Amino acid sequence: MKIAVIGQSLFGQEVYCHLRKEGHEVVGVFTVPDKDGKADPLGLEAKKDGVPVFKIPRWRVKGQALPDVVAKYQALGAELNVLPFCSQFIPMEVINAPCHGSIIYHPSLLPRHRGASAINWTLIHGDKKGGFTIFWADDGLDTGDLLLQKECEILPDDTVSTLYNRFLFPEGIKGMVQAVRLIAEGKAPRLPQPEEGATYEGIQKKETAKINWEQSAEAIHNWIRGNDKVPGAWTEACGQKLTFFNSTLNTAGLVPEGEALPIPGAHQPGIVTKAGLILFGNDDRMLLVKNIQLEDGRMIPASRFFSGADSSVLELTEAELVMAETVRSAWKRILPSVLEVEDSTDFFKSGAASVDVVRLVEEVKELCDGLELENEDVYMATTFGDFIQLLVKKLRGDNKESECIIDYVEKVVNKLTLRMPHQLFIGGLFVDAEGAKTYETINPTDGSVICQVSLAQVSDVDKAVAAAKDAFENGLWGKISARDRGRLLYRLADLMEQHQEELATIEALDAGAVYTLALKTHVGMSIQTFRYFAGWCDKIQGSTIPINQARPNRNLTLTRKEPIGVCGIVIPWNYPLMMLSWKTAACLAAGNTVVIKPAQVTPLTALKFAELTLKAGIPKGVVNILPGSGSLVGQRLSDHPDVRKIGFTGSTEVGKHIMKSCALSNVKKVSLELGGKSPLIIFADCDLSKAVQMGMSSVFFNKGENCIAAGRLFIEDSIHDHFVQKVVEEVKRMKIGNPLDRDTNHGPQNHQAHLRKLIEYCQRGVEEGATLVCGGSQVPRPGFFFEPTVFTDVEDHMFIAKEESFGPIMIISRFADGDVDTVLSRANATEFGLASGVFTRDINKALYVSDKLGAGTVFVNTYNKTDVAAPFGGFKQSGFGKDLGEEALNEYLRVKTITFEY
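Residues numbered from 1 in each chain as written. Predicted model: local features only at pLDDT ≥ 70, side-chain atom pairs only at ≥ 80, totals over all residues. Heavy atoms only, no water.

### Notes on the UniProt feature "active site" (unreviewed entry) in the protein chain
Here is step 1: The UniProt record marks Glu 673 with the feature "active site" (unreviewed entry), using the residue numbering of this structure.
Here is step 2: Its place among the elements puts Glu 673 in strand β29 (residues 669-673).
Here is step 3: According to the relative accessible area criterion, Glu 673 is buried, its value standing at 3%.
Here is step 4: Setting aside chain neighbours within four positions, we find Glu 673 in contact with Met 579, Lys 583, Phe 648, Thr 649, Gly 650, Cys 707, Leu 834, Phe 872 and Ser 878. (UniProt positions renumbered as here; feature names shortened; annotations may be inferred. Helix = DSSP H or I, 4+ residues; strand = E, 2+ residues; numbered from the N terminus. Buried < 20%, exposed > 50% of the residue type's maximum accessible area, 1.4 Å probe, protein only. Contact = heavy atoms within 4.5 Å.)

This is how it looks when you write it as structure tokens:
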């Protein structure tokens, strides 16, 4: 079609470019005149393409169309007018001229919020849904027939800028192109706008943006964010006009302690704290403002209102002076009306607009090799001198943000002062659950309550997924290089190492892990995992593939490995930090964002891990952690349409349910590490001392709470009795006790419900005729301690021969001397296939048995020997997909094939 584009701004420019890519002929562009010597981006782009550009100051005088302007337009012969963003009144002689009429983009869900400040009023009214409308222009104000609408969720702290950048801008461009396509195909609807629910609000101006304090905190928050950045909600205080930006209702854990700021008309004085300015509504609820613009135009952190701006001036190095001059040249290009850019030159007072902020940020990021810079930084340092100081601080790593507010639970344990977060972690903040719901997490050593932990609800899952999606699609995480991503993961591993004693102590306190084991395995392997996958970040690559040529032309086919998007990770309680690390490290290395649900009974190391991600500089929203029940949190993650992958470790029963939910919701990618009943075959020709040692470890390691624990030992008949005798001797030497004691090697079971299951499991074994050689009972002391247990004479039909105990219970069966194939058949007669083992000095036998065992891992003359570089995962009903090793990355990547013809 022949199209006339009427409008302005970057949005207009993008729509124009996309329409040309679609093959439409843009016959002319009508835009606004140059301002302060700068042409509008839409006009600039069209001029480069040789498209006629008309810079019209006005289309009408006293309500009458200007004949010469209309004549210029009519000479083009447009078949459709496209108005992506237009601040001028266009006469009906132009609107109705094309055969297809005119379509307009409007940033609200019409008929709601007709008028020029629709985005502002969407937020001011606290709408839960926003979006845009493309409608057929008529002679009313945003009253024409509807062609297309798209909606989005409004996040609690959305501002005009965040809503526009996240949805209205990118999706609006696609929507305009889609609308034109529908018109070209003759499929475009004309749906009359309903008058029911119609609203019209006037243009928001500075003089009308004063805050009314006779409102609730939520209404004041909506007013501030609805005017952020333009025109800016303001009040009078301390003898000047103060404009507030970056407001939030998320004040969980915030203590209103600081210096009072009297505000005329406010329900009570504001309070300047290290987190920002706390304000109060007439309902006594709090909101937090993070930035204040003073009457002289300077923007400062609200926390520094009484202390003023940082007066220390950095002395620049020679290299930094060169950088400053390069940035000065960028300012000159953006501000052509300024003859000389001096330190006192103010970006905005020199004529810069919001579009120039975007341009400046992108230019400086390119000049400074990927420096982390945001639009907000320009508003915080508006003069050239201040801007250079800000850049130098960032480049030196001195630009520290205000600390995240964390309401720690503090306990002195293991000669350490533990500082443990206990709230949900969403979007880089620790917050209470919806409705302030909590539950008790229990110390299994004595059954005492450690602390109250926030209990996530379905609405919290939705918030976390939204934060992760925004971080993936719009945040810094997807923009930094893979090498920089690896650098952040290395930094996280270093921080975990610095806090390893604290993390291991929390594992002992919350999960009953023996401290020395937790230090080496629970925490030690977690650190190794993040270091391993940090190294993979810049080595994820596709390939080029020779294909049949399209003669006489040629083809090039290549593949790209891309992150999937938002991933949900559901982890078990036996290795709380290690299981988190196995999955999360690969997930993040691949470039995804994640929502993690730790086990409800062991949430504390996951929440400490969340704190360390902040310290490492992982961008907000990349990692989110939600303690809560599987039936609520896990189920919602499985069902959520914006989650693209679930990684789960847990029972086979729950794994099947997750798999079904993922299929029915949006066909999510799934990896499952499920139950096991791992066989360990010990032949008479083994090194018996080593077999006893490893056999003990295969069952009793981590109190038997080990997914690859040997669920059944098959001992060759000629060494059976001797093996059992040696095992019983070793069991009697085991020290049961407080997991924090250095000589303890057997701590409490993880939680009380699991202890009860172990007692019932042993009772079932005795009832079915197995011989209980030792153990089988709860240890008579406080806490959830269970005796290391040994059963012999276990027949294949028995319950304990087939079902996993997940506890310190050794199940021993005999097999006839030399009968390799029969014992293999018995070992494989299970629906599980996670791990297995064999002990023999005969290499031929070892190779034959390892080849025949139906399990994802086979240990030969060792057991529990996992490594971060070796893939780990099961067969059959023990699940599919791999943790660890290069293969784990593939669980969090998708492969795209791209074919060129030339």
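Having seen the model, we can carry on.
### So, the packing of aromatic side chains
Here is step 1: This structure, assessed with the given rule, holds 22 aromatic pairs.
Here is step 2: Measuring from centroid to centroid gives 5.2 Å for Trp 331 and Phe 384, while their planes differ by 85°, and the two rings are edge-to-face. Within this pair, whereas Trp 331 is found in helix α8 (residues 318-334), its partner Phe 384 is found in helix α11 (residues 384-396), the two being separated by 53 residues in sequence. Note on accessibility: Trp 331 and Phe 384 belong to one class, buried. (Phe/Tyr/Trp six-rings, centres within 6.5 Å; stacked < 30°, edge-to-face > 60°.)

### What about the pattern of salt bridges?
Here is step 1: One pass over the full model with this rule turns up 43 salt bridges.
Here is step 2: Between Asp 34 and Lys 55 there is a salt bridge whose closest N-O contact spans 2.7 Å. Residue Asp 34 is located in the loop between β2 (25-31) and α2 (41-48), and its partner Lys 55 is located in strand β3 (residues 53-55); the two are separated by 21 residues in the primary sequence.
Here is step 3: Overall, Asp 34 belongs to the partly exposed group, its relative accessible area being 39%.
Here is step 4: On the accessibility criterion, Lys 55 (36% relative accessible area) is partly exposed.
Here is step 5: Taken together, the salt bridges that share partners define one network made up of Glu 502, Lys 608, Glu 611 and Lys 615. (Salt bridge = Lys/Arg side-chain N within 4 Å of Asp/Glu carboxyl O.)

### Here's the deal with the sheet that holds β2
Here is step 1: Spatially, the seven strands line up as an open sheet ordered β3-β2-β1-β6-β7-β8-β9, and their pairing is mixed. Every other strand in the sheet has two partners, leaving β3 and β9 (146-153) as the edge strands with one partner each. Pairwise comparison of adjacent strand axes, ignoring direction, gives a mean angle of 15° for this sheet.
Here is step 2: Pairing geometry for strand β1 (residues 2-6) and strand β6 (residues 80-83), over three bridges, is parallel. Residue pairing for β6: Val 5 is matched across the bridge by Val 82. (Pairing = 2+ DSSP bridges. Axes fitted to C-alpha atoms, helices over the stretch in contact; angles between N-to-C directions.)

### Some remarks on a nonpolar patch on the surface
Here is step 1: Where nonpolar side chains cluster on the molecular surface, the patch consists of Phe 89, Leu 141 and Tyr 200 and spans about 360 Å² of accessible area.
Here is step 2: Here Phe 89 shows up in the loop between β6 and α4 (92-95). (Patch = residues over 30% accessible without salt bridge, like charges linked within 9 Å, V, L, I, M, F, W, Y side chains within 5 Å. Areas by Shrake-Rupley, 256 points an atom, 1.4 Å probe, with all protein chains shown as cover.)

### Re the sheet that holds strand β23 (residues 544-545)
Here is step 1: The strand order across the open sheet built from three strands is β23-β24-β40, with neighbouring strands paired in antiparallel fashion. In the strand order of this sheet, the two ends are held by β23 and β40 (893-901), each with one partner.
Here is step 2: With nine bridges joining them, strand β24 (residues 555-563) and β40 adopt antiparallel strand pairing. Residue Asn 555 lies in a different strand from β40, and its bridge partner there is Glu 901.

### So, the packing of helix α12 (residues 458-473) against helix α18 (residues 630-639)
Here is step 1: Contact pair α12 / α18: the axes reach a minimum separation of 9 Å and the direction vectors enclose 40°. The angle between the axes of α12 and α18 places the two elements in the oblique class. Helix-helix and strand crossings are classified by hand; for α12 and α18 the assignment is right-handed. Along the contact surface, α12 presents Val 458, Val 461, Asp 462 and Val 465, while α18 presents Leu 632, Val 633, Arg 636 and Leu 637.
Here is step 2: Classifying every residue of the contact of α12 with α18 by side-chain character gives six nonpolar, no polar and two charged. (Parallel < 35°, antiparallel > 145°, perpendicular 65-115°, else oblique. Left-handed = near helix turned anticlockwise from the far one by under 90°. Nonpolar A, V, L, I, M, F, W, Y, C, P; charged D, E, K, R; others polar.)

### Digging into the side chain of His 113
Here is step 1: In this fold, His 113 is placed in the loop between β7 (102-106) and α5 (118-124).
Here is step 2: In terms of polar contacts, His 113 uses its side chain to reach the side chain of Arg 112, at 3.3 Å.
Here is step 3: When neighbours within four sequence positions are excluded, His 113 is seen to be in contact with His 106, Ser 108, Ala 118, Trp 121, Thr 122, His 125, Asp 127, Thr 199 and Glu 201. (Polar contact = N/O pair within 3.5 Å; in protein donor to acceptor, adjacent residues only side chain to side chain.)

### A look at the packing of helix α13 (residues 482-498) against helix α15 (residues 515-536)
Here is step 1: Relative to each other, α13 and α15 sit at 165°, their axes nearing to 8 Å. With respect to each other, α13 and α15 are oriented roughly antiparallel. For the crossing formed where α13 meets α15, the hand is left-handed. Residues Gly 486, Leu 489, Tyr 490, Leu 492, Ala 493, Asp 494, Met 496 and Glu 497 of α13 form the contact with α15, whose own contacting residues are Ser 526, Ile 527, Phe 530, Arg 531, Ala 534 and Gly 535.
Here is step 2: The class makeup of the residues in the contact of α13 with α15 is eight nonpolar, three polar and three charged.

### Re unusual backbone geometry
Here is step 1: Following Asp 228, the chain continues to Lys 229 via a peptide bond in cis, the omega torsion being 10°.
Here is step 2: Within the secondary structure layout, Lys 229 lies in the loop between α7 (217-226) and β10 (233-237).
Here is step 3: Pro 231 follows Val 230 through a cis peptide bond whose omega is 5°.
Here is step 4: With respect to the helices, strands and loops of the structure, Pro 231 is situated in the loop between α7 and β10.
Here is step 5: Of note, the phi angle at Phe 806 is positive, near 60°, even though the residue is not glycine.
Here is step 6: Inspection of the secondary structure assignment puts Phe 806 in the loop between α23 (799-802) and β34 (809-815).
Here is step 7: With a relative accessible area of 18%, Phe 806 lands in the buried category.
Here is step 8: In this model, Lys 876 sits at a positive phi of 50°, which is unusual for a non-glycine residue.
Here is step 9: Tracing the backbone shows Lys 876 in strand β38 (residues 875-876).

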